[in-house]
Amino acid sequence: MNKLALISGISQAVIPVFFLFVIIYGITKKVRVYDSFVSGAKDGLGIIMKIFPYLVAIFIAVKSFQASGAFDAVKSVFSSISSHFMIPPEVFSMAVIKPLSGSASIGVFTDIVKTSGPDSQASMISAVIMGSVETTFYVLAVYLGSVGIKKTKHLVPVCIFADIVGITLAIVTVKWLLF
Amino acid sequence: MNVIWAVIMAVSIVFAAANGRFDAVTKAMFDGTKAAVEVSLYLAGIITLWLGVTKIIEDSGLIHKISHFFAPLFRRLFRNIPPDHPSITSITLNCLANFFGLGNAATPLGLKAMKELQSLNTEGETASFEIMLFIVLNTASIQLIPFTVIGILAQNGSANPSAIVLPTIITSVISAVFAVGTLFAVRRLMR
């Protein structure tokens, strides 16, 4: 745990130290850092205005999907399949929710850890999915929305393919390395 | 995205009808709009902060140092971006933020990178290859130490929460290679 605490300490220091470095470097290059900061910062709200409608669309979809019972139905279909392959059924709730929502996936993950134990196979696989699969649909909506791109060609299928590969590998690597 | 969004919404509403949960879904939709407002307010501040900091990086010429350092890697991946273009800095900083698990720095820098990549895009509302590549790199989420996850495991009494680090790195690196490889393969096939 000590090594972990050290790494976590370094990671907490990264941003402040980086800011300090940027400001000092700027001053040595005779940049008016305050004016420079403000002139860059003025575009911030414009970006938010552009992504806001996309955020609303994504959030109402994710929330309704969970509240309607559709998420539970998808889970129960997957869990009946997973028992044939010796995969803990909880893994599939993780696999379905992680690409959709970051905060919802933290909730689902915490629930899995609490109900099946922190060192269970279900928890370990879910943990690897948490760390290695991104909130794909959120990233797609926000990043594409911010610049107004509507035609995405084969981007969405490639991202979904990468998620499926990631989830499969999470199951394989945990079973192979930890159990 | 059109298909996916429509399917999720339609499935949700049909399930709501079947389960008699119209009230819950109506409430969920309003909760969704509230969550969107909260997230964008939260993002507004940090995007502004990072845009300010990266402007200092550009004005002081630090951008050239950063892009030179990472040029060998990014020149191979992003061949159509001119050297010293500001997008290289944003892409680099976004990838570093992802790598160190600094989630709230990664999104603002990613949005800045998108804006700059879009300025090089000649196809208007169609995603360019560079934009697709950048998004795929982001959704692959290569991360050194997943702190949030380890934290939750440790809190709940895991014997060895950092055991997941190695499988997580292996998984994300291989899936990133797969995704980037697919993107290049599709481009080759389409020519």
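Because the structure is predicted, anything quoted here is derived from the model rather than measured.

**Focus on the confidence of the model for chain A**
Inference 1: For chain A, per-residue confidence averages 87 on the pLDDT scale, and 96% of positions sit at 70 or higher.
Inference 2: Highest mean pLDDT in chain A belongs to helix α2 (residues 33-41) of chain A (93); lowest belongs to helix α1 (residues 2-28) of chain A (80).

**A look at the interface of chain B and chain A**
Inference 1: On the side of chain A, 96 residues touch chain B, which itself brings 99 residues to the contact.
Inference 2: The contact between chain B and chain A buries some 8200 Å² in all, and 79% of this surface belongs to carbon and sulfur atoms.
Inference 3: As a salt-bridge pair, Glu125(B) and Lys150(A) come within 3.5 Å of each other at their nearest N and O atoms.
Inference 4: Viewed at the interface, chain A and chain B are joined by 15 residue pairs in polar contact (both at pLDDT 80 or more).
Inference 5: Listed by contribution, the elements that provide at least two residues to the side of chain B that touches chain A are α1 (2-19), α2 (22-59), α3 (62-77), α4 (86-99), α5 (103-120), α6 (129-140), α7 (147-155) and α8 (165-190) of chain B.
Inference 6: Counting residues per element, the side of chain B that touches chain A draws most heavily on α2(B), at 25 residues.
Inference 7: Within the side of chain B that touches chain A, the residues separate by chemical class into 60 nonpolar, 31 polar and eight charged.

**So, the packing of aromatic side chains**
Inference 1: With the rule as written, the count across this model stands at eight aromatic pairs over all chains.
Inference 2: Where Phe65(A) meets Phe71(A), the ring centres are 6.4 Å apart and the plane angle is 50°; that geometry is what we call tilted. Phe71(A) carries the same exposure label as Phe65(A), and that label is buried.
Inference 3: Grouping aromatic residues by their ring pairs yields a cluster made of Phe18(A), Phe19(A) and Trp50(B).
Inference 4: Stacked on the ring of Phe129(B), the Lys or Arg Arg187(B) has its end atom at 3.9 Å from the ring centre.

**Quick word on the nonpolar core**
Inference 1: Judged by nonpolar contacts, the single largest core of 91 residues is most densely connected at Phe109(A), Phe78(B) and Ile135(B).
Inference 2: The biggest single contributor to this core is helix α3 (residues 44-67) of chain A, with 11 residues.
Inference 3: The contacts of Phe78(B), once residues within four sequence positions are left out, are Ile91(B), Glu130(B), Leu133(B), Phe134(B) and Leu137(B).
Inference 4: Core analysis: the next-biggest nonpolar cluster, separate from the first, contains 18 residues, Ile56(B), Ala97(B), Ala105(B) and Leu109(B) among them.

**Describing the environment of Gly131(A)**
Inference 1: Among the secondary structure elements, Gly131(A) is positioned in helix α7 (residues 121-132).
Inference 2: Linking Gly131(A) and Ala13(A), residues 118 residues apart in sequence, is a C-alpha distance of 21 Å.

**A few points about a nonpolar patch on the surface**
Residue and element names in this part refer to chain B.
Inference 1: A grouping of Leu 96, Phe 99, Phe 100, Ile 142, Leu 144, Val 173 and Val 177 is seen on the molecular surface, where their side chains present a nonpolar patch of about 490 Å² in accessible area.
Inference 2: Those elements that place two or more of their residues in the nonpolar patch are α4 and α8.
Inference 3: Structurally, Val 177 can be placed in helix α8.

**Notes on the side chain of Ser101(A)**
Inference 1: Mapped onto the secondary structure, Ser101(A) falls in the loop between α5 (90-97) and α6 (102-116).
Inference 2: At 3.1 Å, the side chain of Ser101(A) and the backbone nitrogen of Ala104(A) are in polar contact.

**Digging into the side chain of Ser40(B)**
Inference 1: Secondary-structure assignment places Ser40(B) in helix α2.
Inference 2: One polar contact links the side chain of Ser40(B) to the main-chain carbonyl oxygen of Val37(B), over a distance of 3.1 Å.
Inference 3: If near-sequence neighbours (up to four positions away) are discounted, Ser40(B) is found in contact with Ile48(A), Phe52(A) and Leu55(A).

**Looking at α7(B)**
Residue and element names in this part refer to chain B.
Inference 1: Along α7, the residues classified as buried are Val 149, Ile 150, Ile 152 and Leu 153. Each buried residue of α7 lies within a common arc of 160° when the element is viewed along its axis, so the set occupies one face.
Inference 2: At the exit of α7 stands Gly 157, carrying a positive phi of roughly 85°.

**Observations concerning the environment of Val180(B)**
All names here are of chain B.
Inference 1: Position of Val 180 among the secondary structure elements: in helix α8.
Inference 2: Accessibility expressed as a relative area gives 12% for Val 180, which makes it buried.
Inference 3: In sequence terms Val 180 and Ala 140 are 40 residues apart; their C-alpha atoms lie 9.2 Å from each other.
Inference 4: If we skip the residues at most four places from it in the chain, Val 180 touches Leu 77, Leu 133, Val 136 and Leu 137.

**Some thoughts on the pattern of salt bridges**
Inference 1: Counted by the stated rule, this structure contains nine salt bridges over all chains.
Inference 2: Asp72(A) is paired through a salt bridge with Lys75(A); the nearest N and O atoms lie 3.7 Å apart. In this pair, Asp72(A) and Lys75(A) are both assigned in helix α4 (residues 70-82), three residues apart and thus about one turn of the helix distant.
Inference 3: Accessibility expressed as a relative area gives 37% for Asp72(A), which makes it partly exposed.
Inference 4: Given a relative accessible area of 28%, Lys75(A) falls into the partly exposed group.
Inference 5: Put simply, Lys27(B) and Asp31(B) hold a salt bridge, and the shortest N to O gap is 3.3 Å. With a gap of four residues between them, Lys27(B) and Asp31(B) both fall in helix α2, about one helical turn apart.
Inference 6: With a relative accessible area of 53%, Lys27(B) lands in the exposed category.
Inference 7: Linked through salt bridges whose partners overlap, the residues forming this network are Glu58(B), Lys112(B) and Glu116(B).

Each value, and the rule that gives it
Residues numbered from 1 in each chain as written. Chains lettered and ligands numbered in written order. Predicted model: local features only at pLDDT ≥ 70, side-chain atom pairs only at ≥ 80, totals over all residues. Heavy atoms only, no water. pLDDT = per-residue confidence, 0-100. Helix = DSSP H or I, 4+ residues; strand = E, 2+ residues; numbered from the N terminus. Contact = heavy atoms within 4.5 Å. Buried area = accessible area lost by both parts, 1.4 Å probe. Salt bridge = Lys/Arg side-chain N within 4 Å of Asp/Glu carboxyl O. Polar contact = N/O pair within 3.5 Å; in protein donor to acceptor, adjacent residues only side chain to side chain. Nonpolar A, V, L, I, M, F, W, Y, C, P; charged D, E, K, R; others polar. Phe/Tyr/Trp six-rings, centres within 6.5 Å; stacked < 30°, edge-to-face > 60°. Buried < 20%, exposed > 50% of the residue type's maximum accessible area, 1.4 Å probe, protein only. Lys NZ or Arg CZ within 6 Å of the ring centre and 35° of its normal. Core = buried A, V, L, I, M, F, W, Y, C linked by side-chain atoms within 4.5 Å. Patch = residues over 30% accessible without salt bridge, like charges linked within 9 Å, V, L, I, M, F, W, Y side chains within 5 Å. Areas by Shrake-Rupley, 256 points an atom, 1.4 Å probe, with all protein chains shown as cover. Arc of directions from axis to C-beta.

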